Amino acid sequence: MNLILMGLPGAGKGTQAQKIVEEFQIPHISTGDIFRDAMKNETPMGLQAKAFIDKGELVPDEVTNGIVQERLAQADTDDGFMLDGYPRNLVQAKALDQMLSESNRHVDAVLNIDVDPAVLTQRLTGRFICRNCGATYHRLYNPPKVEGTCDVCGHHDFYQREDDKPETVKNRLDVNIKMNTPLVDYYTKAGVLHTVDGEQEIGQVYQAVQKILTNL
Ligand code: AP5
Ligand code: MG
């Protein structure tokens, strides 16, 4: 099963990805996570990406496509994968089609988590993440069961993403909203787009996702 998870910043891609990976056992490839790892390790690619991410801009397509191409060449993706946050524009979508066709693969489904942009600022500014395992929470909508303790790994150290500051969030949303409609049109024409109402409660969103994936 070769999947793409798309949706505006804060739509719930990472939250749903955590559940999909657990149930369907496919590698989760998040370009955002790859960039954040590289920034943390201060690699040349990380330093290059940081300049764009900190402003809420997209990292240049050549860099992003190269990273995905390298990742999809790894053998653990042979039986399926889930891309999260890639492709994000038409150049990337076409590059992905090319990469996959070179290895006789194709995209089986695109899950588009649809949320009104007006809701997203609050989702992003209220998000916090476990420093140990990366599990994502929200101050109001998805707090840990025991305050201050990660449900997944039991650690107590959380952080907020640099690009979740209100000044960056606005530009991130504007940039991504512009790219979103052409991508939705592209995958609708390809006959693989499935739109999920992302304004429901997290568990209900996942039920809708499960229904689509089990019917593929
Ligand atoms: P990336 O890390 O992909 O960020 P993003 O697209 O902005 O998306 P987020 O991770 O912020 O949101 P999400 O949809 O995963 O939401 P989450 O589940 O966490 O990319 C970061 C940056 O890297 C980009 O800005 C760009 O610069 C660069 N980049 C990445 N990919 C690129 C590419 N392909 N090309 C170029 N540049 C690229 O949920 C958000 C919050 O809401 C959480 O607190 C969660 O608990 C809560 N929540 C989730 N679901 C619900 C729900 N149903 N109801 C209520 N609350 C919910
Ligand atoms: Mg994410």
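Everything that follows concerns the structure shown earlier in this document.
Here's what I pulled together on the structure shown here. (Residues numbered from 1 in each chain as written. Chains lettered and ligands numbered in written order. Predicted model: local features only at pLDDT ≥ 70, side-chain atom pairs only at ≥ 80, totals over all residues. Heavy atoms only, no water.)

In this section: the sheet that holds strand S5 (residues 127-130). Strands sit in the order S6-S5-S7 across an open sheet of three strands; the sheet is antiparallel. This sheet does not close on itself; its edge strands, each paired only once, are strand S6 (136-138) and strand S7 (158-159). Of the pairings in the sheet, the one linking S5 to S7 comprises two bridges and is antiparallel in character. Paired with Cys130 across the bridge in S7 is Phe158. (Pairing = 2+ DSSP bridges. Helix = DSSP H or I, 4+ residues; strand = E, 2+ residues; numbered from the N terminus.)

Let us now look at the pattern of salt bridges. Should the charged atoms of two oppositely charged side chains come close, the side chains can pair. Scanning the entire structure with this criterion turns up 11 salt bridges. Salt-bridge contacts for Asp163 lead to Arg161; the nearest nitrogen and oxygen are separated by 3.0 Å. With respect to class, Asp163 is no different from Arg161; both count as buried. Asp163 serves as the salt-bridge partner of Arg172, at 3.7 Å between the closest nitrogen and oxygen. Overall, the relative accessible area of 7% leaves Arg172 in the buried class. When its relative accessible area of 7% is taken as the criterion, Asp163 is described as buried. Ionic contacts of the salt-bridge type, sharing partners, join the residues Arg127, Arg161, Asp163, Asp164 and Arg172 into one network. (Salt bridge = Lys/Arg side-chain N within 4 Å of Asp/Glu carboxyl O. Buried < 20%, exposed > 50% of the residue type's maximum accessible area, 1.4 Å probe, protein only.)

Right, let's get into the site of ligand 1. As a matter of local geometry, ligand 1 sits amid 36 residues, with Thr15, Glu57, Arg88, Arg127 and Arg172 nearest to it. At 2.9 Å, a side-chain N or O of Gln92 approaches a nitrogen atom of ligand 1. Here a nitrogen atom of ligand 1 and a backbone polar atom of Gln200 are 2.9 Å apart. Burial of ligand 1 by the protein chains amounts to 97% of its free accessible area of 1,000 Å². (Near = heavy atom within 4 Å. Polar contact = N/O pair within 3.5 Å; in protein donor to acceptor, adjacent residues only side chain to side chain. Areas by Shrake-Rupley, 256 points an atom, 1.4 Å probe, with all protein chains shown as cover.)

Attention now moves to the packing of aromatic side chains. Tallying each qualifying case throughout the model produces four aromatic pairs. Consider the rings of Phe128 and Phe158, whose centres lie 5.3 Å apart with planes at 85°: the pair is edge-to-face. Highlighted residues: Phe128 in strand S5 and Phe158 in strand S7, separated in sequence by 30 residues. Neither Phe128 nor Phe158 differs from the other in exposure class; each is buried. (Phe/Tyr/Trp six-rings, centres within 6.5 Å; stacked < 30°, edge-to-face > 60°.)

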